[in-house]
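The chain contents come next:
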Amino acid sequence: MSLYRVLLVDDEPEVRSGLRYKIDWAKLGFEIAGEAGNGREALEALEREKPHLMLTDIRMPTMGGLELLKQCEENYPRLRTVVLSGHDEFHYVKTAMQCGARDYLLKPVVRLELTNLLAKLKEELDREREASREREAEEYRRRQSLPHLREQLLLEWIHHDGEEGRRILRDEAGKLGMAEWLGESSRSRFLCAEYRLREGRIEGASDSGLFRLAFRMLCRELTEALPWEGRAFAFSDRGHHRFMYFLVRSEDEAQEDRIVRELAERVQASVRTLLRAECVIGVGAPAAGGKDMRAAYLSALTAWSRSRPGADSQICADGEAESPLAEGHAELERRLSQALENGDEAGFGRLLEAATESGGRQQRHVAAALFRAALLLEQVARRHGIDAPEAGEWMLPDSPWPWSAPAEARAKLTGIAARIAERIRAGRATNGAEVVEAIRRDIEEGYMHELALSTMAERYHLNLTYLSELFKKQLGITFSDYVVQVRLRHAEQLLRDPAMRLADIAELSGFSTASYLSSVFKKHYGVSPSEFRSGSGEGAGR
């Protein structure tokens, strides 16, 4: 393990020499990185040598030790500093400690005192180094999981219409760098791409897991390449094994049409050339702002549903605006969803029948409405963490769904709705207490690390918005507020140790910076951390 670097600062060369040769620095885990004769030279050495520890005299020419400490506290907050003081200078020590010095040594320095102090500082530096490594590992894991978390967030946004859920998701979007994609001023469009294989293309299995992986990787790589970098986002939807989706963001209609056309053609050409497969793409209607994204996503799937059967590449644009049912889709979906949530499968059936009776309506419009109902069932099942594979059968290569026979399709959909409603009722009977308790333990044990509701939702295979509502219902507090409470409780305990710096306390209790800790602490307890330490805030956290 590398040695910790030390800077010696004193205007007397013999003092610096004495410190250098007084002990075996390497044996204690340190090495002398450099020396300086005054504060100005020390600042230059700090920038050049990047030491972990600085031992400094107080009274020096050009720039004294107190001014040096003030600049170090501002510019090098992680640097450990120790003051060297003569007996006649001891009144400066209190000021030095207020400027961030960790400890002091009286001149002439006694070998045992220096050795004991270095041992204590090494323990602190070891803890800091380990915490830094854990943070780096955590950040690496976060970066690795970021694309997946972004995909999950987008799917949650698409599959949840409630404003309260959208508010939670907006907060998560900011953390994951997706705010611009979901903003109300954004202009976006979805593409739905399905690969189709000609007979005999993959021997023994037309839906190989390895082939699906290759298809997804290819689609993601295409969006990361120019000219669509930052304008197209590829994602998969759980259970839609043969599909990839693209969200295209643009400045205006002309740019949008160009990107959509070029992307669709490039995807089809790449799938045909590299995977020797065909690709059917549904192009949805434009979305003006995040509130329209679900409709735009369903529009792309509806466009795909009108494709011809068979392994032939096609691009199908959404023409649903022509449908007399189009304007009523959102209200119909709301009422169907409400019936499911209330466990009223009979009401679901009546609503669906009234909306899809074929009298006077074109068959393709009725089929589109039935298809949207199937998507709704899949969405509700996902929201409640219900495994309902039959709700996703519409996406199979040779789909058994009888879209051209409305009565038969309604019966099939109503049967699935009854099973989902029953699972919802059964799930509510348990109240989700076990999951919330498991997450609470995760927070108590991992408060020092990055904690996000989206990560917990992924870990426990739950819908993000549903988990947020469940957590608050069980504990009477939001997830983020509970995390803050846990961190503040630990910060309060650490503040009782006068030797600990606020920056270290912030790090050890899970706050990103000391200033953020101070702000949150004062907001919750009514006093600053320093006031709490001095005794004026004693009992504030109780």
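All figures in this text were calculated on a predicted structure; none of them were measured in a lab.

Q: Explain the overall build of the chain to me, and be specific about the residues and the numbers.
A: For the chain, the count of helices and strands is 21 helices and 11 strands. When each of the 542 residues of the chain is scored for burial, the buried share is 50%. In the form shown here, the chain has an accessible surface area of approximately 26100 Å², with 50% of it arising from carbon and sulfur atoms.

Q: Just give me the short version of the pairing of strand 5 (residues 103–106), but keep the residues and values in it.
A: Residues Asp103 and Leu105 line the buried face of strand 5, whereas the alternating positions Tyr104 and Leu106 sit on a face that is not buried. Alignment of strand 4 (residues 80–85) against strand 5, held across four bridges, turns out to be parallel. From the neighbouring strand, Leu84 faces strand 5, where its bridge partner is Leu105.

Q: Please provide a residue-by-residue account of the side chain of Thr223, values included.
A: As for its position among the elements, Thr223 is in helix 8 (residues 209–224). Assessed through its relative accessible area of 6%, Thr223 is described here as buried. There is a polar contact of 2.8 Å between the side chain of Thr223 and the backbone oxygen of Arg220.

Q: Would you mind going over the packing of helix 18 (residues 479–495) against helix 20 (residues 514–525) in detail, with residue names and values included?
A: At a minimum axis separation of 11 Å, helix 18 and helix 20 run at an interaxial angle of 100 degrees. On the basis of their axis angle, the class for helix 18 and helix 20 is roughly perpendicular. Of the residues in helix 20, those in contact with Val484, Leu488, Arg489, Ala491, Glu492 and Leu495 of helix 18 are Leu517, Val520, Phe521, His524 and Tyr525. Along the lines of polarity and charge, the residues of the contact of helix 18 with helix 20 split into eight nonpolar, one polar and two charged.

Q: Outline unusual backbone geometry, listing residues and values.
A: Omega for the bond connecting Lys107 with Pro108 falls within 30 degrees of zero, at -10 degrees, which places this linkage in the cis form. Note on placement: Pro108 falls in the loop between strand 5 and helix 5 (111–158).

Q: Help me get a handle on the nonpolar core, residues and values and all.
A: Formed by 50 residues in total, the largest nonpolar core has its most connected members in Phe190, Phe235 and Ile443. Apart from the residues within four sequence positions on either side, Phe190 is in contact with Ile158, Phe235, Phe246, Leu247, Gly282, Val283, Gly284, Met293, Ala296, Tyr297 and Ala300.

Q: Quick rundown of the side chain of Arg501? Include the residues and the values.
A: Along the chain, Arg501 turns up in the loop between helix 18 and helix 19 (502–509). On the basis of relative accessibility, which here comes to 14%, the residue Arg501 falls in the buried class. Residues contacting Arg501, with those up to four places away along its chain left out, are Pro77, Arg78, Leu79, Arg80, Arg102 and Glu128.

Q: Give a description of a nonpolar patch on the surface that names residues and reports values.
A: Taken together, the side chains of Leu210, Leu213 and Met217 present a nonpolar region at the surface, about 330 Å² in accessible area. Relative to the elements of secondary structure, Leu213 occurs in helix 8.

Q: So what about the pairing of strand 4? Which residues, and what values?
A: Counting buried positions over the six residues of strand 4 gives six, a clear majority of the element. Here strand 4 shows a buried face lined by Arg80, Val82 and Leu84 and a second buried face lined by Thr81, Val83 and Ser85. Relative to strand 4, strand 3 (residues 53–57) runs parallel, the two sharing five bridges. Residue Met54 lies in a different strand from strand 4, and its bridge partner there is Thr81. For the handedness criterion, the β-α-β arrangement of strand 3, helix 3 (residues 65–75) and strand 4 is classed as right-handed.

Q: A description of the sheet that holds strand 5 should follow, citing residues and the corresponding values.
A: In space, the five strands of this open sheet follow the order 2-1-3-4-5, with parallel pairing throughout. Strand pairing shows two members of the sheet lacking a second neighbour, strand 2 (30–36) and strand 5, which therefore form its edges. Geometrically, the sheet is characterised by an average inter-axis angle of 25 degrees between neighbouring strands, direction not taken into account. With six bridges connecting them, strand 1 (residues 4–9) and strand 2 associate as parallel partners. Bridge pairing in strand 2 links Val6 to Ile32. Taken strand by strand, helix 1 (residues 13–22) contacts strand 1, strand 2 and strand 4, and its axis lies near 175 degrees from that of strand 2.

Q: Go over the packing of helix 2 (residues 39–49) against helix 3, please, and point to the residues and values.
A: Helix-helix packing is characterised by the crossing angle of the two axes and by the distance between the axes. Two elements in contact, helix 2 and helix 3, have axes whose closest approach is 9 Å; the angle formed by their N-to-C orientations is 25 degrees. Viewed along their axes, helix 2 and helix 3 adopt a mutual orientation that is roughly parallel. Judged by the sense of rotation from one axis to the other, the crossing of helix 2 with helix 3 is right-handed. Taking contact as the criterion, the partners of Gly39, Ala42, Leu43 and Leu46 in helix 2 are, on helix 3, Leu68, Gln71 and Cys72. Considering only residue class, the contact of helix 2 with helix 3 consists of five nonpolar, two polar and no charged.

Q: Describe the packing of aromatic side chains, naming the residues involved and giving the relevant values.
A: In total, this model carries 16 aromatic pairs according to the counting rule given. Grouped by ring-pair contacts, the aromatic residues Trp181, Phe190, Phe233, Phe235, Phe243, Tyr245, Tyr297 and Trp304 constitute a single cluster. Here the basic side chain of Arg249 rests over the ring of Trp181, its NZ or CZ set 4.7 Å away from the ring centre.

Q: Can you lay out the environment of Arg48 for me, pointing to particular residues and giving the numbers?
A: Checked against the element boundaries, Arg48 lands in helix 2. In this structure the C-alpha to C-alpha distance between Arg48 and Gly34, which are 14 residues apart in sequence, comes to 9.6 Å. Only 3.3 Å separates the side chain of Arg48 from the side chain of Glu49, close enough to count as a polar contact.

Q: Tell me about helix 18, residues and numbers included.
A: The end-to-end C-alpha separation of helix 18 is 24 Å, in line with the 24 Å expected for 17 residues at 1.5 Å each. Along helix 18, the residues that are buried comprise Phe479, Tyr482, Val483, Val484, Val486, Arg487, Leu488, Ala491, Glu492 and Leu495. In this fold, the buried residues of helix 18 make contact with helix 15 (433–446), helix 16 (453–459), helix 17 (464–475), helix 19, helix 20 and helix 21 (529–534).

Q: Tell me about the pattern of salt bridges, and please be specific about residues and values.
A: Within this structure, the stated rule accounts for 36 salt bridges. Here Arg5 and Glu49 are joined by a salt bridge, their closest N and O atoms 2.7 Å apart. Taken together, the positions of Arg5 in strand 1 and Glu49 in helix 2 put the pair 44 residues apart, joining distant regions of the chain. Since its relative accessible area comes to 23%, Arg5 is described here as partly exposed. Across the pair Asp103 and Lys120 runs a salt bridge, and its minimum N-O distance is 3.1 Å. In this pair, Asp103 is assigned in strand 5 and Lys120 in helix 5, connecting sequence segments 17 residues apart.

Rules used throughout
- Residues numbered from 1 in each chain as written.
- Predicted model: local features only at pLDDT ≥ 70, side-chain atom pairs only at ≥ 80, totals over all residues.
- Heavy atoms only, no water.
- Helix = DSSP H or I, 4+ residues; strand = E, 2+ residues; numbered from the N terminus.
- Buried < 20%, exposed > 50% of the residue type's maximum accessible area, 1.4 Å probe, protein only.
- Areas by Shrake-Rupley, 256 points an atom, 1.4 Å probe, with all protein chains shown as cover.
- Pairing = 2+ DSSP bridges.
- Polar contact = N/O pair within 3.5 Å; in protein donor to acceptor, adjacent residues only side chain to side chain.
- Axes fitted to C-alpha atoms, helices over the stretch in contact; angles between N-to-C directions.
- Parallel < 35°, antiparallel > 145°, perpendicular 65-115°, else oblique.
- Contact = heavy atoms within 4.5 Å.
- Nonpolar A, V, L, I, M, F, W, Y, C, P; charged D, E, K, R; others polar.
- Core = buried A, V, L, I, M, F, W, Y, C linked by side-chain atoms within 4.5 Å.
- Patch = residues over 30% accessible without salt bridge, like charges linked within 9 Å, V, L, I, M, F, W, Y side chains within 5 Å.
- Salt bridge = Lys/Arg side-chain N within 4 Å of Asp/Glu carboxyl O.
- Right-handed = clockwise from strand over helix to strand, strands pointing away.
- Left-handed = near helix turned anticlockwise from the far one by under 90°.
- Phe/Tyr/Trp six-rings, centres within 6.5 Å; stacked < 30°, edge-to-face > 60°.
- Lys NZ or Arg CZ within 6 Å of the ring centre and 35° of its normal.
- Expected span 1.5 Å × (residues − 1).

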